[in-house]
Amino acid sequence: MDCEEARRLRAHEAEGRAGTGALSIDACKWVALATHAHKEQVALDNLARQGFSVYCPKIRRIVRHARRSQEVLRPFFPGYVFARFGSAGSRWRSMASTFGVRRVIAFGGRPCLLEEDFIAGLKAREVYGALTKPAMTYRIGQSVCLTSGAFEGLVATIIEMDERQRLVVLLELLNQSVRVRTGYAGVREL
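All residue numbers refer to position in the chain's written sequence, counted from 1. Totals for whole chains, interfaces and linings use every residue, but because this is a predicted model, local features are given only for residues with pLDDT of at least 70 and side-chain atom pairs only at 80 or more, for both listing and counting. Each side-chain value is derived from all of the structure's non-hydrogen atoms; neither hydrogens nor water enter the calculation.

(A) Summary view of the pattern of salt bridges. Salt bridges are defined as contacts in which a side-chain nitrogen from Lys or Arg sits within 4 Å of a carboxyl oxygen from Asp or Glu. One pass over the structure, following the stated rule, counts 3 salt bridges. Glutamate 71 is paired through a salt bridge with arginine 60; the nearest N and O atoms lie 4.0 Å apart. Residue glutamate 71 is found in strand S4 (residues 68-75), and its partner arginine 60 is found in strand S3 (residues 58-65); the two are separated by 11 residues along the sequence. Think of it in three bands: with a 1.4 Å probe and only protein chains considered, a residue is buried below 20% of the maximum accessible area for its type, exposed above 50%, and partly exposed in between. We classify glutamate 71 as exposed; its relative accessible area is 52%. Residue classification places arginine 60 among the partly exposed residues on the basis of a relative accessible area of 39%. One salt bridge connects arginine 179 with glutamate 160, and the closest N-O pair in it is separated by 2.7 Å. Taken as a pair, arginine 179 in strand S15 (residues 176-183) and glutamate 160 in strand S13 (residues 155-161) lie far apart in primary sequence, 19 residues in all. Put simply, DSSP marks the helices as runs of H or I at least four residues long and the strands as runs of E at least two long, and each gets a number from the N terminus on.

Structure below.
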């Protein structure tokens with residue numbers, strides 16, 4: 001069920017009780033909340049105190065400061081957290097007034113609800129409290145074929161890879177080696 005279907009169901013169910021802010025949709029249980037800058041943990045703590053189940057997916061980042069490198073956990077979606085309705089009668093408007101929350105992500109004055117599968121998919125990728133990237137399909141030294149751009153159809157060798165899914169490949173053109181930057185989508189395995 002997508003958000004449009006959920007909105008139609010809510011509108012039909014809420015005809016007799018307009019303005020209560022109560023939702024009774026079982027298929028969509030999570031709502032995205034925008035937080036104040038760097039206040040995700042404050043919002044999580046306050047929402048949890050109100051009885052909401054909350055989730056903020058995190059990733060590991062390396063932070064460099066004053067000649068030091070440190071690995072820290074940072075939100076995967078900076079400025080956003082997710083909260084589940086505790087019961088069918090949960091009031092989503094109380095989420096919006098929670099300290100640390102800026103607003104509920106909504107369309108037409110009604111919150112856009114997320115499927116349980118979306119959150120379950122994020123949680124399934126967590127290892128020790130941080131999301132992990134899927135296994136890379138490419139490796140340094142591998143031969144690939146370029147699939148787009150001016151060099152489409154040419155064979156190259158991967159010489160560098162970064163965490164932002166960018167590759168540096170080495171092409172043999174006119175008896176010279178040429179370095180070319182491309183994305184993962186711009187190559188395919190041979």
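Moving on, there is more to tell.
(B) Representation of the nonpolar core within the structure. To form a nonpolar core, buried Ala, Val, Leu, Ile, Met, Phe, Trp, Tyr and Cys residues must be joined to one another through side-chain atoms within 4.5 Å. Among the nonpolar cores identified, the biggest contains 15 residues, and Val31, Leu33, Leu47 and Met95 are the most heavily contacted of them. For this core, the leading source of residues is helix H2 (residues 40-49), giving 3 residues.

(C) Expanded view of unusual backbone geometry. For alanine 66, which is not a glycine, the phi torsion comes out positive at approximately 50 degrees. Among the structural elements, alanine 66 can be located in the loop between S3 and S4. A positive phi angle, close to 50 degrees, is found at leucine 174, a residue other than glycine. Among the secondary structure elements, leucine 174 is positioned in the loop between strand S14 (166-173) and S15. A relative accessible area of 84% places leucine 174 in the exposed class.

(D) Examining the sheet that holds strand S16 (residues 187-189) more closely. Strand order in the open sheet formed by 5 strands is S15-S14-S13-S12-S16, with antiparallel pairing between adjacent strands. A strand with exactly one partner marks an edge of an open sheet, and here the two such strands are S15 and S16. Within this sheet the neighbouring strands show an average axis-to-axis angle of 45 degrees, counted without direction. A pair of strands is labelled paired if DSSP reports no fewer than 2 bridges between them. Sheet topology places strand S12 (residues 143-146) next to S13; 3 bridges connect them, and they run antiparallel. Paired with serine 143 across the two strands is threonine 157, which belongs to S13. Orientation is described by lines fitted to C-alpha atoms, with helices fitted over the stretch in contact, and by angles between N-to-C directions that extend from 0 to 180 degrees.

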